[in-house]
Amino acid sequence: MAYDYDLFVIGAGSGGVRASRIAAGHGARVGICEDYRVGGTCVIRGCVPKKLLVYGSKFAHEFEDAAAYGWILAEPTHSWATLRDNVAKEVDRLNGVYLRLLDGAGVKLHMGRGRLMDRHTIEIGSQTITAEKILVAAGGAPVVPDIPGREFAITSNEAFHLPELPRRIAIVGGGYIAVEFAGIFNGLGSHVDLVLRRDRVLRGFDEECRTAVHDALKDGGVKMRTEMQIARIEATPSDSRGGKAPFTVHTQLGGMFETDLVMYATGRAPNTNGIGLEKVGVQLDKAGAIAVDEWSKTTAPNIWAVGDVTDRINLTPVAIMEGHCFADTEFGGKPRKPDHRDVPSAVFCQPELANVGLTEEEARMRLGELRIFTSAFRPMKYTVSGRQQRTFMKLIVEAATDKVVGVHMVGDDAAELVQGLAVAVKAGATKAQFDATVGIHPTAGEEFVTMRTARVEPAPSRKAAE
Ligand code: NDP
């Protein structure tokens with residue numbers, strides 16, 4: 001049977017767009033559908049606008065530090081509307097870039113939500129389209145627990161479009177999004193309550209790094225409400241002067257506090273509903289994500305899935321890698337699997353956390369004897385400005401092979417630095433090779449090639465790097 005397309009992609013985010021462009025480049029006839037805006041979470045309501053807000057909020061610290069370097073500045077004031085609108089303009093520009101990329105690659109865009117009718121048929125509104133192969137790249141969406149008053153809460157989706165900057169905001173969760181937005185709103189001058197159900201932020205990251213980020217948030221002025229769960233959110237009536245009604249947040253242990261805005265950042269779930277997966281034999285895993293094999297193939301023979309909808313490693317560059325591998329394999333005659341080992345990542349809290357490879361805890365579980373190198377120091381810039389912010393670095397080395405199996409950093413520009421070191425880790429560099437590398441002086445990064453003395457075991461449990 002002749003199909004309309006060789007490949008049809010559901011979802012024009014990072015993974016879907018990459019797969020469709022590469023497949024088209026290999027000569028396939030490709031269609032793609034999107035029900036919101038081309039670019040997906042990363043470009044439209046995630047990584048990109050978030051990072052721009054981080055840049056915006058960081059000026060607060062820069063202004064403070066400038067004084068000791070002789071700059072005399074008037075008391076800075078901030079316009080949320082200017083920042084918000086400029087970020088939105090950049091998102092519009094990138095949306096246009098993505099549209100042009102698809103067009104330039106010869107990929108036909110169908111606006112609307114795609115629904116699988118059978119294994120080769122997709123319905124988008126009133127259109128019916130057929131394709132030989134189908135890729136589901138439908139992404140994920142924020143999850144808000146079902147508590148009374150959840151309708152008053154926003155998620156990161158709405159945070160980019162706020163009519164005004166909240167004077168006070170309660171952010172619920174202790175993951176990537178929660179700590180990043182805590183830094184953003186704190187920098188812009190809001191009072192931030194970070195409400196997390198554990199004792200520290202960022203479960204799953206290296207324990208010492210978690211502590212370093214947690215302490216930095218607290219020292220930076222974020223109110224850390226730890227081991228706290230929210231029972232309900234109440235809209236409190238306007239005050240007698242007709243002021244804007246704040247919310248009262250009630251905790252499970254009977255406490256309460258007031259805030260002007262509640263934002264939930266309690267995780268994201270794969271977008272698997274309403275696309276007809278059950279009809280075509282695409283099975284989900286226990287967590288509700290599309291189950292795929294190492295080639296990103298689903299349980300249906302002509303259907304693949306990449307990106308957050310598969311809940312492997314939910315990062316844009318990983319979705320891009322998965323989409324590219326799929327297209328090369330199926331349409332380019334170049335079979336290759338995505339490699340999920342040693343994927344570097346960063347959390348754009350302030351200061352940043354970045355890492356590649358194993359955490360100390362993972363390395364202890366999986367490997368034999370380790371050598372751990374750490375360094376904690378006040379960055380040069382702050383010795384003059386007086387800022388108390390510290391940088392923490394850690395190398396984890398497998399003793400038997402001398403291989404560096406983990407690199408971790410909490411500090412300014414951590415993401416930029418660790419990206420370079422990720423190449424070394426991916427290439428299997430040894431500690432001896434790190435040691436043989438000459439540092440660039442004076443930088444924070446040179447510390448990674450000058451750490452000579454392994455920590456004396458046993459490892460400190462949770463104490464912050466000092
Ligand atoms: P995360 O999974 O990172 O964190 C969720 C947080 O919410 C955890 O602290 C979790 O606590 C907590 N939580 C979950 N359920 C509840 C609940 N019912 N009540 C209270 N707290 C709860 O999710 P995010 O939403 O922060 O981010 C989603 C994903 O997006 C990330 O996993 C990441 O892959 C991606 N992302 C990546 C970024 C980057 O690369 N810089 C930036 C932003 C997002 P607990 O630890 O106890 O489970």
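Bear in mind that the values here come from a model prediction, so they are computed numbers and not experimental data.

What counts as what
Residue numbers restart at each chain and count upward from 1, following the sequence in its written direction. Two thresholds apply to this predicted model, a pLDDT of at least 70 for residue-level local features and 80 or more for giving and counting side-chain atom pairs, whereas whole-chain, interface and lining totals are computed over all residues. Excluded from the side-chain calculation are hydrogens and water; included are all heavy atoms of the structure. A pair is scored as a salt bridge if a Lys or Arg side-chain nitrogen falls within 4 Å of a carboxyl oxygen belonging to Asp or Glu. The helix count covers DSSP runs of H or I at least four residues long, the strand count covers runs of E at least two residues long, and both are numbered beginning at the N terminus. Residues are called lining when one of their atoms sits within 4 Å of a cavity or pocket point, these points coming from a 1 Å grid over the protein atoms alone, where a cavity is a set in which a 1.4 Å probe fits but cannot get out and a pocket is an open set with protein on both sides within 12 Å along at least five of seven lines. Grid points are joined across faces, edges and corners, and a volume is the space filled by probe spheres set on the points. We call Asp, Glu, Lys and Arg charged. Ala, Val, Leu, Ile, Met, Phe, Trp, Tyr, Cys and Pro are nonpolar, and the rest, Gly among them, are polar. Nearness here has a simple test: a residue counts as near a molecule or strand if at least one of its heavy atoms is within 4 Å of that partner. Between N or O atoms, a polar contact is any pair within 3.5 Å; within protein, one atom must be a potential hydrogen donor and the other a potential acceptor, and residues adjacent in sequence are included only when both atoms are from side chains. The protein chains shown are the only cover counted for residues, whose accessible areas, like all others here, come from Shrake-Rupley with a 1.4 Å probe. When a residue's accessible area, from a 1.4 Å probe over protein chains only, is under 20% of the maximum for its type it is buried; when over 50% it is exposed; and in between it is partly exposed. Strand pairing requires that DSSP identify at least two bridges connecting the strands. Crossover handedness is defined here as right-handed if the route from the first strand over the helix to the second strand goes clockwise, with the strands pointing away from the viewer. What makes a patch is a set of residues exposed beyond 30% relative accessible area and free of salt bridges, joined within 9 Å when like-charged and within 5 Å when nonpolar (Val, Leu, Ile, Met, Phe, Trp, Tyr). Centres within 6.5 Å make a pair out of two Phe, Tyr or Trp rings, where for Trp the six-membered ring is used; the pair is then stacked when the planes are under 30 degrees apart, edge-to-face when over 60, and tilted otherwise. Only when the NZ of Lys or the CZ of Arg is both within 6 Å of the ring centre and within 35 degrees of the ring normal is a charge said to sit over the ring. Axes, fitted as lines to C-alpha atoms, cover a helix only where it is in contact. Angles between the N-to-C directions of the axes lie from 0 to 180 degrees.

K.L.:
Residue-level account of the pattern of salt bridges, with values.
P.N.:
Across all of its chains, the model carries 32 salt bridges by this definition. The salt bridge involving Arg37 is made with Asp92; its shortest N-O contact spans 2.7 Å. With Arg37 in the loop between strand E2 (30-34) and helix H2 (40-45) and Asp92 in helix H4 (residues 80-105), this residue pair connects regions lying 55 residues apart in the sequence.

K.L.:
Any chance you could break down the layout of surface pockets for me, citing the residues and the numbers?
P.N.:
Volume-wise, the second largest pocket comes out at about 1000 Å³. Gln350, Pro351, Tyr382, Arg387 and Gln389 are the residues nearest the centre of the second largest pocket, which is lined by 41 residues in total. Mapped by element, the contributors of at least two residues to the lining of the second largest pocket are helix H3 (47-66), helix H6 (176-188), helix H7 (207-219), helix H10 (380-385), strand E20 (391-398) and strand E21 (404-410). Element by element, the count of residues in the lining of the second largest pocket is highest for H3, at eight residues. Looking at the lining of the second largest pocket residue by residue, the classes come out as 20 nonpolar, ten polar and eleven charged.

K.L.:
Let's hear about empty space enclosed by the protein: which residues, and what values?
P.N.:
Over the atoms a probe the size of a water molecule is rolled, and this reveals where empty space is left. Scanning the model with the defined rule gives two cavities of 30 Å³ or more in all. The wall of the largest cavity is formed by Pro142, Val143, Thr155, Ser156, Ile177, Tyr264, Ala265, Thr266, Gly267 and Arg268. For the lining of the largest cavity, the class distribution of residues is five nonpolar, four polar and one charged. In this structure, the second largest cavity occupies an estimated 40 Å³ of space. Trp295, Ser296, Trp304, Glu322, Cys325, Phe326, Thr329, Glu330, Arg336 and Pro338 are the residues that line the second largest cavity. Counting residues per element, the lining of the second largest cavity draws most heavily on helix H8 (residues 316-331), at five residues. In terms of residue class, the lining of the second largest cavity is made up of five nonpolar, two polar and three charged.

K.L.:
Tell me what's going on with the site of the ligand, and back it up with residues and numbers.
P.N.:
Around the ligand lies a shell of 20 residues, among which Arg197, Arg198, Arg203, Asn314 and Ala346 are the nearest. The separation between an oxygen atom of the ligand and a polar main-chain atom of Ile177 is 2.8 Å. A distance of 2.8 Å is found between an oxygen atom of the ligand and a side-chain nitrogen or oxygen belonging to Arg197. The fraction of the free accessible surface of the ligand (910 Å²) that becomes covered by protein chains is 78%. With three residues, the top contributor of residues to the shell around the ligand is H6.

K.L.:
Any chance you could break down the pairing of strand E1 (residues 5-10) for me, citing the residues and the numbers?
P.N.:
With six of its six residues buried, E1 lies for the most part within the structure. In terms of strand pairing, E1 meets strand E6 (residues 127-136) through five bridges, oriented parallel. From the neighbouring strand, Ile10 faces E6, where its bridge partner is Val136. Judged from the four bridges that link them, E1 and E2 form a sheet pairing that is parallel. When the bridges of E2 are listed, Val9 appears paired with Ile32. Chirality of the crossover, the property in question, places the unit of E1, helix H1 (residues 14-25) and E2 among those that are right-handed.

K.L.:
Please provide a residue-by-residue account of a nonpolar patch on the surface, values included.
P.N.:
Nonpolar side chains collect at one region of the surface, where Phe59, Phe63, Tyr69, Trp71, Leu73 and Val384 lie side by side and expose about 650 Å² of accessible area between them. Within the secondary structure, Tyr69 is located in the loop between H3 and H4. Among the residues examined, Tyr69 registers a relative accessible area of 42% and is labelled partly exposed.

K.L.:
Which residues make up the packing of aromatic side chains, and what values do they have?
P.N.:
On inspection of all chains with the given rule, the structure shows eight aromatic pairs. Centroid distance Phe181 to Phe185: 6.1 Å. Interplanar angle 35°. Geometry classified as tilted. With Phe181 and Phe185 both in helix H6, this residue pair falls four residues apart, about one helical turn. This pair shows no difference in class: Phe181 is buried, exactly as Phe185 is. With a centroid separation of 5.3 Å and 50° between ring planes, the pair formed by Trp304 and Phe326 is classed as tilted. Placement of the pair is Trp304 in strand E16 (residues 303-305) and Phe326 in helix H8, with a sequence separation of 22 residues. By the burial criterion, Trp304 is buried, and Phe326 matches it. Taken together, the ring pairs connect Phe160, Phe181 and Phe185 into an aromatic cluster. The lysine or arginine in question, Arg225, covers the ring of Phe257, its NZ or CZ lying 3.9 Å from the ring centre. Cation over ring: Arg387 sits above Tyr382, and NZ or CZ is 5.7 Å from the ring centre.

K.L.:
Any chance you could break down the pairing of strand E4 (residues 114-118) for me, citing the residues and the numbers?
P.N.:
Strand direction decides the pairing type here: E4 and strand E5 (residues 121-124), joined by four bridges, are antiparallel. Bridging from a neighbouring strand, Asp118 pairs with Thr121 of E5. Joining the antiparallel neighbours E4 and E5 is a turn of two residues.

K.L.:
Pulling in residues and values, what's your account of the sheet that holds strand E11 (residues 230-235)?
P.N.:
Strand-to-strand pairing in sheets goes through backbone hydrogen bonds, with the strands running parallel or antiparallel. Strand order in the open sheet formed by three strands is E11-E12-E13, and the pairing between neighbours is antiparallel. The sheet terminates laterally at E11 and strand E13 (256-259), the two strands that pair on one side only. Direction aside, neighbouring strands of the sheet carry axes that sit 25° apart on average. Relative to E13, strand E12 (residues 247-251) runs antiparallel, the two sharing four bridges. For Thr248, the partnering residue across the bridge sits in E13 and is Glu258.

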